[in-house]
Amino acid sequence: MQPPIAPFRQFVVKVASRCDLACDHCYVYEHADTSWRGRPVVMSDETAIRVANRIAEHADEHRLEAVHVVFHGGEPLLAGIGRLRRFARALRRAAESVCDLDLHIHTNGVLLSRAFCDMFTDEGVRVGVSIDGDRPANDLHRRYANGRSSYDQAIRAVTLLRDDYPHLYAGLLCTVDIRNDPVAVYEALVELRPPRVDFLLPHANWDHPPLRPAGRDTAYAEWLITVHDRWRADGRPTQVRMFDSIILSALGGESQSESLGTRPSDLVVVETDGTYEQADSLKTAYDGAPATGLDASRHSLSEAARHPGFAARQSGLASLAEACRRCPLVTSCGGGLYAHRHRTGSGFANPSVYCADLFRLISHLTASERRSPAAPVHELPVATLDALASGRPTAADIAHLSAPQLSRARQAMRRAAAVIADRRSWSILVDAERTDRPAVDDLLSHPYVHAWAARCAAAGPALDPADAGHLAAVAAVAAVRTGLAVKVAVPAAGTFVHLPGLGRMRTGGQEHAEVEVHDGSFAVRVDGRWLSEDSPLWEPVRLIEAAGLRLLLDDVDPYRDCHGPAVEDRLTDEAAAVWSEATGAALASLPGDRRAAMRTALRVLTPLADATAGASSRAAYGALALPLGTDPGTAARLLVEHFHRAQLGALLDLLDLTGGDADRERLLTDAYGLLAVADSLTQAEQDRLTSAIGRIADAALPAPGQRFAARLAGAAADRTAQVASGRR
């Protein structure tokens, strides 16, 4: 039997092996590896289809919900519009019904045009651009072979994305050169309003060390610290993956970058001839360093994952040099980028050639965070605000709304606990959080737990005893989620004991029931008998699995009535199956980017009793209520419309867009939901959308509201024009 492998989730597909620039810091053409010379200039359609099928095969084998594919090069735009369109479609056909596909392209921007962007819009391809800062910084390396600057073309490309195709704008990549002014570089990048910036250390190793001015062993750290401190002082106007990764890993989370942290590598490169290679950065070590001898025509990706080169990067701390394993910062640093550790004679069993820089940079960032912890609940990049206003936010944009909702849920729980004053239940929650905080966070952010906590916090001394008693049920579920062993008395609501997110146990009229939790399972004492989840008296929350989403069908939680319209009581198994099937078909019919966004923030669906239009609640972020009996097409529209209404509500929790005017908020919410389904509006709904946007635009709004309203109006006009054009 073969040992388990860590499956690939990131696929860098080289669609072109030549470039139209001659950047002297390029790891493909300017370093040790010369394998590009013998490869096809562009990937053939036959190879692309084979690679697409291999990726889908791998995702299916390892039950991956989503894969991330980047078209790369060389310069990938040299492959041409038609070929890239065919490649994108081949990938989507292969991945259909297997997993969601997150598709990007990374380019120097020289060839980017409206025609490319229109195709990328059609095919769902987001675009990242390489640019090293202001003109002097960019011209230091990123030039044509004749020495001519590429700066104007890069700026033109980024401006096109930012202003006309913001839904495609994925971010900027900047390679650090310590000869450049760090503040000037930072300001130039932020001025382009990217959703994210990646700063990369220039590729170097112990045989070919990086440029270092005399006496400055931490010159790269000093440069990046200057950028970090200015970024922090500016309120973090955009995501910076290096800084975010250091802070997240220091707090016990996972790095977002291959070059930091100890998370196993899950990236594979596929060259234009279909060969599998390790990360491109290894090309800087020695000729042939990333080679595996495997290819898509003869080998599966699982075979590639077993190659010793990939295995060496999947064993965490065990793969690091002894000095790294002893380092107190190893969980954040992870030994640095694998390629930067190379030295002739000892291979990669060394600290990074940037070891001193990384130690100083990580120490500075973590100390800054301890002195003044960031409050991400109050931060929203301008680019994300603009993307939300467009009506087509990405999963990354939605994540900016989801994270603050957790803070709101935790705050509501603290306030509720202070009102309820149930020390026993609160003690269980505290112990559970010490055992597994992410599991408790997941529970507290459950939409109906949040709705209950908000109700208790708002009630104050007038708190209903039944609401107060629900804290014990929440504590019991926290114990289940974290493996604690506890016994707790939980009050019954009607004839049931409710365990949020899990289900309800019929109690036969008892006012309380004892719940015993042990090793992640539970039993409820009813009439002297201990009943487990196998009991016919247990009614579990059902699960809907469709199109890469896992959603709870919650028709039992006592706090699911927060949406407004009346909710349906427990469905029969037959009715639940019919409703789940229609909802699953609706989800499967949605474009991949919409499903990816929903996967970020949607957790619960609740059936409504009447054939109403669907609903969401500001108090229950992550839940939607849909009527029974709708066909998949109607359900799909309701899912999209009310999901976007919910995101607007979350945005209003973060920013004052309307000056606190409740009527304007209702107008804005209605307009935003309609914009999301603009291609299926009746004429009456279109008139309603136009009227709402006009009334909002005419109002005196705070600055963020003015910006949001202007972009919302522009997006609505564009969508209306597209629909009208399609009808003609």
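Above: the structure in question.
Figured I'd write up the structure that's included with this text.

Reading guide: rules and limits
- Residues numbered from 1 in each chain as written.
- Predicted model: local features only at pLDDT ≥ 70, side-chain atom pairs only at ≥ 80, totals over all residues.
- Heavy atoms only, no water.
- Salt bridge = Lys/Arg side-chain N within 4 Å of Asp/Glu carboxyl O.
- Helix = DSSP H or I, 4+ residues; strand = E, 2+ residues; numbered from the N terminus.
- Buried < 20%, exposed > 50% of the residue type's maximum accessible area, 1.4 Å probe, protein only.
- Axes fitted to C-alpha atoms, helices over the stretch in contact; angles between N-to-C directions.
- Parallel < 35°, antiparallel > 145°, perpendicular 65-115°, else oblique.
- Left-handed = near helix turned anticlockwise from the far one by under 90°.
- Contact = heavy atoms within 4.5 Å.
- Nonpolar A, V, L, I, M, F, W, Y, C, P; charged D, E, K, R; others polar.
- Pairing = 2+ DSSP bridges.
- Polar contact = N/O pair within 3.5 Å; in protein donor to acceptor, adjacent residues only side chain to side chain.
- Expected span 1.5 Å × (residues − 1).

For the rest of this paragraph, the subject is the pattern of salt bridges. One pass over the full model with this rule turns up 56 salt bridges. We note a salt bridge from Arg570 to Asp555, for which the minimum N-O separation is 3.2 Å. With Arg570 in the loop between strand E19 (549–553) and helix H20 (573–589) and Asp555 in the loop between E19 and H20, this pair connects stretches of sequence that are 15 residues apart. For Asp555, a relative accessible area of 0% gives the class buried. Each of Arg504, Arg506, Glu539, Arg542, Asp555, Arg560, Asp569, Arg570 and Asp573 takes part in a single network of salt bridges with overlapping partners.

A separate point is the packing of helix H6 (residues 182–191) against helix H7 (residues 219–233). At their nearest, the axes of H6 and H7 sit 9 Å apart, and the two run at 45 degrees to each other. Classified by the angle their axes make, H6 and H7 are oblique. Judged by the sense of rotation from one axis to the other, the crossing of H6 with H7 is right-handed. Two secondary-structure elements touch here, H6 through Pro182, Val183, Val185, Tyr186 and Glu187 and H7 through Trp223, Thr226, Val227, Arg230 and Trp231. A class-by-class count of the residues in the contact of H6 with H7 yields 7 nonpolar, 1 polar and 2 charged.

Turning our attention to the sheet that holds strand E16 (residues 529–531). Strand order in the open sheet formed by 4 strands is E11-E14-E15-E16, and the pairing between neighbours is antiparallel. Both edges of this open sheet fall to strand E11 (486–491) and E16, since each of them pairs with a single strand only. The sheet shows a mean angle of 30 degrees between the axes of neighbouring strands, taken without regard to direction. Across 6 bridges, the pairing between E11 and strand E14 (residues 512–518) is antiparallel. Directly across from Val490, in E14, lies its bridge partner Ala513. Where helix H19 (residues 465–482) meets the sheet, it contacts E11, E14 and strand E15 (521–526), and its direction lies at approximately 145 degrees from that of E11.

Here Arg645 is to be found in helix H22 (residues 632–654). At 2.6 Å, the side chain of Arg645 forms a polar contact with the side chain of Asp670.

Glancing now at helix H5 (residues 151–164). Since there are 3.6 residues in each turn of an α-helix, residues three or four apart along the chain are aligned in direction. Look at H5: 20 Å from first C-alpha to last across 14 residues, which is about the 20 Å you get at 1.5 Å a residue. Every buried residue belonging to H5 is among Tyr151, Gln153, Ala154, Ala157, Val158, Leu160, Leu161 and Arg162, and all of these are buried. Turning to H5, the residues buried within the fold contact helix H3 (114–123), strand E4 (125–130), helix H4 (135–139), strand E5 (169–175) and H6.

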